Amino acid sequence: MIRQAEAVVLKTINQGDTSKIATLYTREFGRLKVIAKGIRSKKSRYSGMLGITQHVHLVFYEKHNTELQLFKSSEIVKTYNTLSQDFDRLAFAQVAMEFIERAAEKSEPHPELFDLVVWILTHLDDPKTTAVKSYWYFHLRVLCELGFRPDVFHCHQCRKGLSQTESVYHQPDGAIYCITCSPTLDERFSLRLSSAVMNVLQAIDAEAWDAVEKSPLSLAERRAMWSFLWHYGKVHLEPLQRMKSLAVLEQIYRGGH
Ligand SMILES: [Zn+2]
């Protein structure tokens, strides 16, 4: 049966001399894998299509009882040109694509997740947007969509409100406590989150992108944000522990973004 989908390319692998296997995230079918036979041949009219982060209208032959579907044709919906010319933005986009490729395991439609994939590419492609903050926003929103929403408003123990106050992320529990309740303040097991970091986390939870974009954070606070997001993601979503593009991101992050 011939099917159509709006899709973003998450990953590609070359197959044989001229073919390619692409993993895509689609609005209609969730994660999808297609083989595009002959697409790398210069004679193919789809040559140059199905590159990572490409946003396409895809037509494919659906085959049952196999994970691999057969590519028929595609048309570009949007090319993110700025993104592909900036090393940092491209690195964030690659991490975001790998995140979805690993985290969205079931091939079921999840339109809100698809919207987040388009959201991150659109924002990384806009030179006026702070790339690192748009990545944080994407990372936490995806975790929320997948059912791993952290409580960034209340202490895990006493339920006291956590706004305008320094808080502690306790790594073994994967939860946030007020300073008084935190099981430990030992830096090997806990991470201090300043009130400014908590404000950003709360703004992301409230989907208030403008507030996230405007919030000033010091270098130490940006590092704490990274540490929290990665640790929390890996604790709750085991496939993130094997992410290859993480090494690239850590290189950027150590560079002081
Ligand atoms: Zn407490």
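As the structure is a prediction and not an experimental result, all values here were calculated from the model.

## A word on the environment of Cys155
Step number 1: Residue position: Cys155 is located in the loop between helix H4 (131–145) and strand S6 (167–170).
Step number 2: Take Cys155: its relative accessible area is 0%, and that puts it in the buried class.
Step number 3: Sequence-wise, Cys155 and Pro109 are 46 residues apart; in three dimensions their C-alpha atoms are separated by 34 Å.
Step number 4: Those residues within four positions of Cys155 in sequence are excluded, and the remaining contacts are Lys160, Leu162, Ile176, Tyr177, Cys178 and Cys181.

## Examining the packing of helix H5 (residues 195–205) against helix H7 (residues 219–236)
Step number 1: Look at H5 against H7: their axes get within 10 Å of each other, and the N-to-C directions meet at 50 degrees. Here H5 lies oblique to H7, going by the angle between them. When you trace H5 past H7, the crossing you get is right-handed. Of H7, the residues touching H5 (which contributes Ala196, Val197, Val200 and Leu201) are Glu221, Met225, Phe228 and Leu229.
Step number 2: Residues belonging to the contact of H5 with H7 are distributed by class as follows: seven nonpolar, no polar and one charged.

## Quick word on the nonpolar core
Step number 1: Counting residues in hydrophobic clusters, the biggest one holds 62 residues, and the most contacted among them are Phe99, Leu193 and Leu201.
Step number 2: When residues of this core are assigned to domains, at least three fall in each of domain 1 (2–78) and domain 2 (82–254).
Step number 3: Contacts of Leu201, omitting those with residues within four sequence positions, involve Leu140, Val152, Leu193, Met225, Phe228 and Leu229.
Step number 4: The next biggest cluster of nonpolar side chains, apart from the first, holds 17 residues, and it includes Ala7, Ala36, Leu58 and Phe71.

## Points about the coordination of the zinc ion
Reference geometry at the metal: tetrahedral coordination by four donors gives ideal angles of 109.5 degrees; octahedral coordination by six donors gives 90 or 180 degrees.
Step number 1: Protein-derived coordination of the zinc ion comes from Cys155 (SG), Cys158 (SG), Cys178 (SG) and Cys181 (SG), at a distance range of 2.3 Å.
Step number 2: In the primary structure, the donors to the zinc ion are separated according to the pattern C-x2-C-x19-C-x2-C.

## Remarks on the sheet that holds strand S5 (residues 68–78)
Step number 1: Pairing is mixed in the closed barrel, where five strands are placed in the order S1-S2-S3-S5-S4. Going from strand to strand, the sheet's axes swing by 50 degrees on average, the running direction of each strand aside.
Step number 2: As judged from the eight bridges shared by strand S1 (residues 2–15) and strand S2 (residues 19–26), these two strands associate in the antiparallel manner. Residue pairing in the sheet places Lys11 in a bridge with Thr23 of S2.
Step number 3: Docked against the sheet, helix H3 (residues 111–124) engages S1, S2, strand S4 (55–61) and S5, running at close to 60 degrees with respect to S1.

## Side note on unusual backbone geometry
Step number 1: Positive phi is not limited to glycine here, since Leu50 has a value of about 60 degrees.
Step number 2: Mapped onto the elements of the fold, Leu50 is located in the loop between strand S3 (30–36) and S4.
Step number 3: One non-glycine residue with positive phi stands out, namely Thr53, at about 75 degrees.
Step number 4: Summarising the element assignment, Thr53 is placed in the loop between S3 and S4.
Step number 5: Here Thr53 falls in the buried class, since its relative accessible area comes to 10%.

## Points about the domain arrangement of the protein chain
Step number 1: Split by domain assignment, the protein chain resolves into domain 1 (2–78) and domain 2 (82–254).
Step number 2: Domain 1 and domain 2 are separated by 30 Å when their C-alpha centres are compared.
Step number 3: Across the interface of domain 1 and domain 2, roughly 1600 Å² is buried in total on both sides, 64% from carbon and sulfur atoms.
Step number 4: On the domain 1 side of the contact with domain 2, Tyr25, Arg27 and Arg31 bury the most area, a combined 44% of that side's loss.

## What to know about the packing of H3 against H4
Step number 1: In contact at an axis separation of 10 Å, H3 and H4 are set at 175 degrees when each is read in the N-to-C sense. Considering the angle they form, H3 stands roughly antiparallel to H4. Facing H3, whose interface residues are Glu112, Leu113, Leu116, Val117, Trp119, Ile120, His123 and Leu124, H4 presents Ala131, Ser134, Tyr135, Tyr137, Phe138, Arg141, Val142 and Glu145.
Step number 2: Residue composition of the contact of H3 with H4, by class: 11 nonpolar, two polar and three charged.

## Regarding the sheet that holds strand S8 (residues 190–193)
Step number 1: Across the sheet, which stays open at both edges, the three strands sit in the order S7-S6-S8 with antiparallel pairing between neighbours. In this open sheet, the two strands that pair with only one neighbour each are strand S7 (175–178) and S8. Mean inter-strand twist for the sheet, computed between neighbouring axes without regard to direction, equals 30 degrees.
Step number 2: Of the strand pairs in this sheet, S6 and S7 are connected by four bridges, and their pairing is antiparallel. When the bridges of S7 are listed, Ser167 appears paired with Cys178.

Conventions and cut-offs
Residues numbered from 1 in each chain as written. Predicted model: local features only at pLDDT ≥ 70, side-chain atom pairs only at ≥ 80, totals over all residues. Heavy atoms only, no water. Helix = DSSP H or I, 4+ residues; strand = E, 2+ residues; numbered from the N terminus. Buried < 20%, exposed > 50% of the residue type's maximum accessible area, 1.4 Å probe, protein only. Contact = heavy atoms within 4.5 Å. Axes fitted to C-alpha atoms, helices over the stretch in contact; angles between N-to-C directions. Parallel < 35°, antiparallel > 145°, perpendicular 65-115°, else oblique. Left-handed = near helix turned anticlockwise from the far one by under 90°. Nonpolar A, V, L, I, M, F, W, Y, C, P; charged D, E, K, R; others polar. Core = buried A, V, L, I, M, F, W, Y, C linked by side-chain atoms within 4.5 Å. Domains from an automatic or database assignment. Donors = N, O, S within 2.8 Å, 3.2 Å for Na, K, Ca; no water. Pairing = 2+ DSSP bridges. Buried area = accessible area lost by both parts, 1.4 Å probe.

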